Amino acid sequence: MSLGGQTPVFVMNTAPERQSGRKAQISNITAAKTVADVIRTCLGPKSMLKMILDPMGGILLTNDGNAILREIDVAHPAAKNMIELSRTQDEECGDGTTSVIVLAGEILAQSLIQIERDIHPVVIISAYNKALQAALEIVSRISVPIDTNDDAQMLALIKTSIGTKFVIRWSDLMCKLALDAVRIVAADDAGVRTVDIKRYARVEKVPGGEIEDSRVLSGVMLNKDVTHPQMRRRIHNPRIVLLDCPLEYKKGESQTNIEISKETDYARINQIEEEQIKALVDRIMEFKPDLVITEKGVSDYAQYFLAKAGISALRRVRKSDNNRIARAVGGTIVNRVEDLRESDIGTQCGLFNIEKIGDEYFTFLTECTTPKACTILLRGPSKDILNEIDRNLADAMSVARNVVFNPTLVPGGGATEMAVSVGLHARARSVTGTEAGPFRAVADAMEVIPRTLVQNSGGNAIRVLTELRAKHANGEHSWGINGDTGKIVDMKTYGLYESASVKIQTFKTAIEAARVLLRVDDVVQATRKERQQEQGGAPPEAEPME
């Protein structure tokens, strides 16, 4: 800043790491638009895949917005902010990760026009708040309830999530897998519904076989084999003991020295070890189990005893797997063999068998009567394809879970966005003053979803959107875009309905992000040297040695 002709005085470091005022806002908006453009082609059933090479030389093949952005390395702070959005959306809903970025990018692009008209960002933000409230009202007005016990409705809903993904060719199979898994892990605990997919629905990916071989097991599968070759590998209706303690000789906590004078004493020491193990195994055998599963080790001697008694044993099972087994077979994990009771034994498993798939052995505990946990076994030609199927299936399960908590649907295919857009335009007439412009800007931005759907399917965006706008202006709010043909279609007949919770979260996140980025009017990058000076520390090289 210059003081009346004097030499300019610089308050801050004038390195190019500082952007302020209009320049910072424009830079943030441009960065956000760039991120949105990267994954704009990933929206809709005709979406393109992105192939990303990670630093380790592996490849990621996907069109899931969140998976792509997670792998991209960006330097711009506003772009990082956008990437966080899709992560939030993924954790909250599982679906809509691409839409939220595309929508936020478009709202910011519209904001640029408002800023250039010299409307203050605070006014724009205030208008966006009003627009968000109006949009949520419109969503609740056009939403319809769903019966979560009706398979046809649920499968149609899950299909909307899978319909834009790589697994669309097996969509019926995948929808069924997702629905079955969510149904199994859904639990009513004292009137509170819980659906813990992460903990109790495990996806096991085994390369080989056909994708059609994938299935939800009514039980659990482990990547384990029995510990002793003579143990049985197939047991019908097994009695299962679940342990969290080693079946080995208990060693002392600290180092122990023993002095012995006779060789018989040495034999006696070994004998005591054996007796301890035998006591453990005998205690287990009182319950006549067929299968012992422990999270710790099983010594050779214990294996010998168990094998002699015809009991199969699995050792070093992961804690998370053991929890799933307990829920599937109705057993309790016991921490000390002495505490074992009849009620802890799992008896709800119909079949224990070990199969060799590929070149590994897998243990199956299936045909459980009332499993509360399950394993989804995915087969497929290659690891990359299995990873993509896993991501798509996770989205589908999240959508099914959301509907359990919020059983309302809204029309898909850009119909909801178009309804909101038309509704906001109508509402904008009653908004007075400078807020009317930004309010309309949100209405225009909402059209980006149907427009992108048309563009991705190779249609004529201007003509189709005009037709769609006309339909919505007549109050036919269930009309949207058929993403395969790029023509308009009534979602009621096309049967494309999405979970309302996904849409609500998308709108909230996108508008919230636009509001945050507009509030920024200064981007300063603190260099390392400045930071050290602020903290009053010496540069790292000069640290005194301990």
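Before any of the text, the structure's been laid out above.
Residues numbered from 1 in each chain as written. Predicted model: local features only at pLDDT ≥ 70, side-chain atom pairs only at ≥ 80, totals over all residues. Heavy atoms only, no water.

(A) Summary view of the overall build of the chain. Each helix and strand in the chain was counted, giving 19 helices and 22 strands. Against the globule reference of 24 Å for 546 residues, the chain gives a C-alpha radius of gyration of 31 Å, more extended than a compact globule. A principal-axis box enclosing the C-alpha atoms of the chain has dimensions of 105 × 75 × 45 Å. A buried classification covers 49% of the 546 residues belonging to the chain. Of all intrachain contacts in the chain linking residues separated by at least 6 positions in sequence, the fraction that spans at least 24 positions is 73%. For the chain, the distance from the average site of its 68 positive side-chain charges to the average site of its 72 negative ones is 4 Å. (Helix = DSSP H or I, 4+ residues; strand = E, 2+ residues; numbered from the N terminus. Rg over C-alpha atoms; globule rule 2.2 N^0.38 Å. Buried < 20%, exposed > 50% of the residue type's maximum accessible area, 1.4 Å probe, protein only. Contact = heavy atoms within 4.5 Å. Lys, Arg positive; Asp, Glu negative; His and termini not counted. Charge placed at Lys NZ, Arg CZ, Asp CG, Glu CD.)

(B) Summary view of helix 16 (residues 461–473). For helix 16, spanning 13 residues, the distance from its first C-alpha to its last is 18 Å, which sits close to the expected 18 Å at 1.5 Å a residue. Considered for burial, the residues of helix 16 that qualify are A461, V464, L465, L468 and H472. Looking straight down helix 16, one finds that the buried residues subtend no more than 95° of arc, so they occupy a single side. Of the residues in helix 16, the exposed ones pointing more than 90 degrees away from the buried face are I462, R463 and A473. (Expected span 1.5 Å × (residues − 1). Arc of directions from axis to C-beta.)

(C) Quick look at the sheet that holds strand 15 (residues 351–357). Strand order in this open sheet of four strands is 9-16-15-10, and the pairing throughout is antiparallel. A single partner strand is all that each edge strand has here, and the edge strands are strand 9 (220–222) and strand 10 (234–236). This sheet shows a mean twist of 25° between the axes of neighbouring strands, independent of strand direction. Strand direction decides the pairing type here: strand 10 and strand 15, joined by three bridges, are antiparallel. For I235, the partnering residue across the bridge sits in strand 15 and is F352. Across the sheet, helix 11 (residues 319–329) touches strand 9 and strand 16 (360–366), and the angle it forms with strand 9 is around 150°. (Pairing = 2+ DSSP bridges. Axes fitted to C-alpha atoms, helices over the stretch in contact; angles between N-to-C directions.)

(D) Broad picture of the pairing of strand 16. With five of seven residues buried, strand 16 is to be regarded as a mostly interior element. Of the strand pairs in this sheet, strand 9 and strand 16 are connected by three bridges, and their pairing is antiparallel. Within the sheet, the bridge partner assigned to V220 lies in strand 16 and is L365. Summarising the sheet, strand 15 and strand 16 pair through seven bridges and their orientation is antiparallel. By the bridge assignment, I354 is partnered in strand 16 with T363. Here strand 15 folds back onto strand 16 in antiparallel fashion, the turn holding two residues, of which G358 has a positive phi close to 65°.

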